[in-house]
Amino acid sequence: MFSQTQIGIDLGTANLLVYTKNKGMIINEPSVVAIDLHTNAVLAVGEEAKRMVGKTPENIVAIRPLKDGVIADYQVTTDMLKHIMKKVSKKLGTPLRKPNVVVCTPSGSTSVERRAISDAVKHCGAKDVQLIEEPLAAAIGADLPVEEPIANVVVDIGGGTTEVAIISFGGVVSCHSIRTGGDQLDDDIVQFVRKKYNLMIGPRTAENIKMEIGFALVDHEERMMAIRGRDLVSGLPKTIDISSYEIQEALKESLLSVLETIRATLEDSPPELSGDIVDRGVILTGGGALLNGMEEWLSNEIVVPVHIAPSPLESVAIGTGRSLVMMKRIQTLKQR
Ligand code: ADP
Ligand code: MG
């Protein structure tokens, strides 16, 4: 007798992760697909696709099919899933024996898109495919007691979106989502450097700047970084030194929209749950949680405790992988 394989997929806008109960995280790669424009064939996915960017003939392009938090290109998304499922069975060492798959989809996706995802996974041999709401998966993965009738507040700052949700008794009580996430912060840096220094930098440079010297808090010890780009006046490569204070200024507006979304969700909270929030605070998940000073800045602003999940980039995938067991328990609880 072989045990049923259970697979959780986090179909993130920036990263695609696959978690299985027995083997843990088996895939963790950027959600990037390299496509041959002549034939529309998918040449590579994930890390391999990202490495090809800008180093291949013109007909080969790299696409992020989920970029803005919705499925921008649905054919490419399903193709990417098929490749990933192949990688999964390779990693597990056996052809998948009708696995049970739970996929966490971006909350902005439509029912047609959800159906397409589910069909694509089924196509790859899955026995049963379930979709889960992202904030619920994040909360499970962050080890929050989602089954209890108490308020768990999750703030998931991903690449394309930020989602804020209050979860209690196995369900989402209230949820707000905005199309501002890590990608927007990168773009803020690109725009800032272009306007202030007439220097054009690429999105990957901007992301590096954000991770190195990006701060959510105004009040921090200044850091400097040398950055390279193309001078818009001379057209030549140029290096400048930039300060973390300048970057903080550049990120301010987007961070404020994240803050507003959190406030709006907390204001929406049923009064009986508000007490829990004051006691238990807010949990941060997603890559954006790792921005320097995020935890401290938010707790100053919303005046409730703020904690970062144990591994914020993996919370959703872990939660998705664990959710099958959890769902059954929640069902039984509710039937009592
Ligand atoms: P998604 O769920 O949408 O795929 P992730 O939760 O994987 O997104 O987060 C990806 C985002 O997190 C990217 O925008 C990335 O730049 C950002 N990120 C990752 N690490 C850090 C860090 N140390 N500081 C700031 N941002 C980070
Ligand atoms: Mg995510």
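Here the structure is shown first, and the text comes after it.
Figured I'd write up the structure that's included with this text. All residue numbers here refer to positions counted from 1 along the written sequence of the relevant chain. To label them, take the chains in the order written and letter them from A, then take the ligands in the order written and number them from 1. Predicted model: local features are reported for residues with pLDDT of at least 70 only, side-chain atom pairs are reported and counted for 80 or more only, and whole-chain, interface and lining totals are derived from all residues. Processing note: side-chain calculations cover all non-hydrogen atoms of the structure and skip hydrogens and water entirely.

### What about the packing of helix 5 (residues 182-197) against helix 7 (residues 244-267)?
Logical step 1: Contact geometry of helix 5 with helix 7 gives a least axis separation of 9 Å together with a crossing angle of 130 degrees. One element, helix 5, and the other, helix 7, form an angle in the oblique class. Here helix 5 and helix 7 pass one another in a crossing that is right-handed. Residues Gln184, Leu185, Asp188, Ile189, Phe192, Lys196 and Tyr197 of helix 5 lie in contact with helix 7, whose contacting residues are Glu246, Ile247, Ala250, Leu251, Ser254 and Leu255.
Logical step 2: Only Asp, Glu, Lys and Arg are considered charged in this grouping, and only Ala, Val, Leu, Ile, Met, Phe, Trp, Tyr, Cys and Pro are considered nonpolar; every other residue, Gly among them, is considered polar. By residue class, the composition of the contact of helix 5 with helix 7 is 8 nonpolar, 2 polar and 3 charged. Angles shown run from 0 to 180 degrees and are taken between the N-to-C directions of axes, each axis being a line fitted to C-alpha atoms and, for helices, limited to the stretch in contact. To qualify as a helix, a DSSP run of H or I must reach at least 4 residues; to qualify as a strand, a run of E must reach at least 2; elements of each kind are numbered from the N terminus. These descriptions rest on fixed angle ranges, namely under 35 degrees for roughly parallel, over 145 for roughly antiparallel, 65 to 115 for roughly perpendicular, and the rest for oblique. Working rule for handedness: look at the near helix, and if it is turned counterclockwise from the far one by less than a right angle, call the crossing left-handed; if clockwise, right-handed. We call two residues in contact when some of their heavy atoms are within 4.5 Å.

### So, the packing of helix 7 against helix 9 (residues 294-302)
Logical step 1: One way to put it is that helix 7 packs onto helix 9 with a least axis distance of 11 Å and a crossing angle of 50 degrees. The pairing of helix 7 with helix 9 is recorded here as oblique in orientation. Like other packed secondary-structure pairs, helix 7 and helix 9 cross with a definite hand, here right-handed. For the pair formed by helix 7 and helix 9, the contact residues are Leu255, Leu256, Leu259, Ile262, Arg263 and Leu266 on the first element and Met294, Trp297, Leu298, Glu301 and Ile302 on the second.
Logical step 2: Residues that form the contact of helix 7 with helix 9 fall into these classes: 9 nonpolar, no polar and 2 charged.

### Concerning the sheet that holds strand 14 (residues 237-243)
Logical step 1: The strand order across the open sheet formed by 3 strands is 12-13-14, and the pairing between neighbours is antiparallel. Strands at the two margins of the open sheet, each flanked by one partner only, are strand 12 (199-200) and strand 14.
Logical step 2: Note on pairing: two strands pair once DSSP finds at least 2 bridges between them. Pairing of strand 12 with strand 13 (residues 224-231) involves 2 bridges; the strand directions are antiparallel. Across the sheet, the residue bridging to Met200 is Arg230, located in strand 13.

### Notes on the environment of Gln6
Logical step 1: For Gln6, the position within the fold is in strand 1 (residues 6-11).
Logical step 2: Relative accessibility under 20% of the residue-type maximum defines a buried residue, over 50% an exposed one, and the middle range a partly exposed one, all with a 1.4 Å probe and only protein chains included. Its relative accessible area of 18% is what places Gln6 among the buried residues.
Logical step 3: Sequence-wise, Gln6 and Lys21 are 15 residues apart; in three dimensions their C-alpha atoms are separated by 6.5 Å.
Logical step 4: The contacts of Gln6, once residues within four sequence positions are left out, are Tyr19, Thr20, Lys21, Asn100, Gly321, Leu324 and Val325.

### Some words on helix 3 (residues 111-123)
The periodicity of an α-helix, 3.6 residues per turn, causes residues three or four places apart in sequence to face the same way.
Logical step 1: Helix length check: helix 3 (13 residues) gives 18 Å between terminal C-alpha atoms against 18 Å at 1.5 Å per residue, within 8%.
Logical step 2: What helix 3 keeps buried is the set Glu113, Ala116, Ile117, Ser118, Ala120 and Val121.
Logical step 3: In this structure, the buried side of helix 3 is in contact with strand 1, helix 2 (74-92), strand 7 (100-105) and strand 8 (128-133).
Logical step 4: One or two positions beyond helix 3, positive phi appears at Gly125, with a value near 100 degrees. Each helix should span, by expectation, one fewer than its residue count multiplied by 1.5 Å.

### Regarding the site of ligand 1
Logical step 1: To be near a molecule or strand, a residue needs just one of its heavy atoms within 4 Å of it. Lining the immediate surroundings of ligand 1 are 17 residues, of which Thr13, Ala14, Asn15, Glu207 and Lys210 lie closest.
Logical step 2: Pairs of N or O atoms within 3.5 Å make up the polar contacts considered here, provided that, within protein, one atom can donate a hydrogen while the other can accept it, and that residues adjacent in sequence are counted only when both atoms are side-chain atoms. The side chain of Thr13 places a nitrogen or oxygen atom 2.5 Å from an oxygen atom of ligand 1.
Logical step 3: One of the side-chain N or O atoms of Asn15 is found 2.7 Å from an oxygen atom in ligand 1.
Logical step 4: Only the protein chains shown count as cover for residues, with accessible areas throughout obtained via the Shrake-Rupley method and a probe of 1.4 Å. Protein contact buries 90% of the 580 Å² of open area that ligand 1 shows by itself.
Logical step 5: Per-element tally for the shell around ligand 1: the top contributor is helix 6 (residues 203-213), with 3 residues.
Logical step 6: Tallied by class, the residues present in the shell around ligand 1 amount to 5 nonpolar, 9 polar and 3 charged.

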